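Structural overview
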Amino acid sequence: MAALRNLSMVIGAAVAALGSVLFIAWRRYVPGRRKWRRTGYELEHRRDQNDYLDQQILVLGLDGAGKSSIIHAMSTNTTRSSSAPTHGFNTAQIVSQGLRIELLEVGGSQNLRTYWNQYLKKTHFLVFVVDSTDDIRLQLARHELHRLLEEAPGLPLMVLANKQDCRSALSTSDIFSELSLHRIQGLREVTLLGTSAVYDGYGNSTSLQTVRSMLEEKLHKLQETEANTNPLQSNH
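Residues numbered from 1 in each chain as written. Predicted model: local features only at pLDDT ≥ 70, side-chain atom pairs only at ≥ 80, totals over all residues. Heavy atoms only, no water.

For the rest of this paragraph, the subject is the overall build of the protein chain. When its secondary structure is counted, the protein chain shows six helices and eight strands. Mapped in sequence order, the helices and strands of the protein chain form the string α-β-β-β-α-β-β-α-β-α-β-α-β-α. Expressed as a percentage of contacts within the protein chain between residues at least 6 apart in sequence, the contacts between residues at least 24 apart total 72%. For the protein chain, the accessible area works out to roughly 12,500 Å², and carbon and sulfur atoms hold 52% of it. (Helix = DSSP H or I, 4+ residues; strand = E, 2+ residues; numbered from the N terminus. Contact = heavy atoms within 4.5 Å. Areas by Shrake-Rupley, 256 points an atom, 1.4 Å probe, with all protein chains shown as cover.)

Following this line, the structure appears as structure tokens:
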């Protein structure tokens, strides 16, 4: 029975990963913009679709880190106290200043982590979320993060030390040390921020709307750098 359960979990993870790949491809290439929500699909008609530059932010982290709540807060400007675990993937969209940003979260369970690297080539920015209260699994989080970075040299990184509202939360300096971020400084752009998806901007927490603004600014700078490097390349 245990072997059957393990086989079922592996098959389920593979189906979830394949489904996310097909869904992302559909979003990119099929006319008529559909926007994913946990409650279903919402058809959007945008006359000015071509006026936006599509960018993707990949949001990863171990299960329970708070990725879904962070995506929700950044895309809706509202917070919630809890959310169901993501067993496959979750997306949200931000449209701002000429950018149409897709926030793509892939679940952080053990089975799904094996598929994380498949999403690196398509993304423009990596956000890695850490549960600041889960000191037992910080070593695992460090291992998974550095494994990803080895496969994506140069990919900009923002680490969110989440759940800073909890008394047991480690400080951002502790998180910096535990994740060995000093090893990658100078090799790529690295930003570390303390956050909370429960409330906005108190204590050691950086407002998630501030995080959103920072990400938008960084994506704009990346696009400007790319345009200056490849002036003949189309923006769309």
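Next, the rest of the story.
What the rule picks out here adds up to ten salt bridges. Its salt-bridge partner being D63, residue R113 comes within 3.9 Å of it at the nearest N-O pair. Here D63 lies in the loop between β3 (53-60) and α2 (67-76) and R113 lies in helix α3 (residues 110-113), a separation of 50 residues in the sequence. Residue R113 is classed as buried on the basis of its relative accessible area of 8%. In this structure, K221 engages E217 in a salt bridge whose closest nitrogen and oxygen atoms are separated by 3.4 Å. Here E217 and K221 lie together in helix α6 (residues 208-229), a separation of four residues that amounts to about one turn. E217 sits in the partly exposed class, given a relative accessible area of 43%. (Salt bridge = Lys/Arg side-chain N within 4 Å of Asp/Glu carboxyl O. Buried < 20%, exposed > 50% of the residue type's maximum accessible area, 1.4 Å probe, protein only.)

One pass over the structure, following the stated rule, counts two cavities of 30 Å³ or more. As a volume, the largest cavity reaches approximately 70 Å³. Around the largest cavity sit L62, D63, A65, F128, V129, V130, D131, D134, R137, L138 and A141, which together line it. Of all the elements in the fold, those that place two or more residues in the lining of the largest cavity are β6 (125-131) and α4 (138-151). It is β6 that contributes the most residues to the lining of the largest cavity, four residues altogether. (1 Å grid on protein atoms, 1.4 Å probe; cavity = no way out; pocket = protein on both sides within 12 Å on 5 of 7 lines; lining within 4 Å. Points joined across faces, edges and corners; volume = space filled by probe spheres on them.)

Positioned with a positive phi, K163 is a non-glycine residue whose angle comes to about 65°. Residue placement: K163 occurs in the loop between β7 (157-162) and α5 (172-178). On the accessibility criterion, K163 (24% relative accessible area) is partly exposed. Unusually for a residue other than glycine, S180 sits at a positive phi of about 55°. On the basis of relative accessibility, which here comes to 11%, the residue S180 falls in the buried class.

What follows concerns the environment of Y52. Tracing the backbone through its elements, the reader meets Y52 in the loop between β2 (40-44) and β3. We classify Y52 as buried; its relative accessible area is 18%. Considering only alpha carbons, one finds Y52 and I101, 49 residues apart in sequence, at a separation of 9.2 Å.

This brings us to the packing of α2 against α6. Interaxial distance between α2 and α6 falls to 9 Å at its minimum, and their mutual angle equals 75°. Taken as axis vectors, α2 and α6 run roughly perpendicular relative to one another. Counting all contacts with α2, which are made through I70, A73, M74 and S75, the residues of α6 involved are L208, Q209, V211, R212 and L215. Along the lines of polarity and charge, the residues of the contact of α2 with α6 split into six nonpolar, two polar and one charged. (Axes fitted to C-alpha atoms, helices over the stretch in contact; angles between N-to-C directions. Parallel < 35°, antiparallel > 145°, perpendicular 65-115°, else oblique. Nonpolar A, V, L, I, M, F, W, Y, C, P; charged D, E, K, R; others polar.)

By size, the foremost hydrophobic cluster in this structure holds 26 residues, and its most contacted members are L58, L60, F128, L145, L157 and L179. Elements represented by at least two residues in this core include exactly β3, β5 (99-106), β6, α4 and β7. When residues in this core are grouped by element, the largest group, five residues, is from α4. Leaving out residues up to four positions away in the same chain, F128 has contacts with L60, G61, W116, A141, L145, L148, L157, M158, V159 and L160. (Core = buried A, V, L, I, M, F, W, Y, C linked by side-chain atoms within 4.5 Å.)

Treat this as a map of the structure, not an account of what it does.
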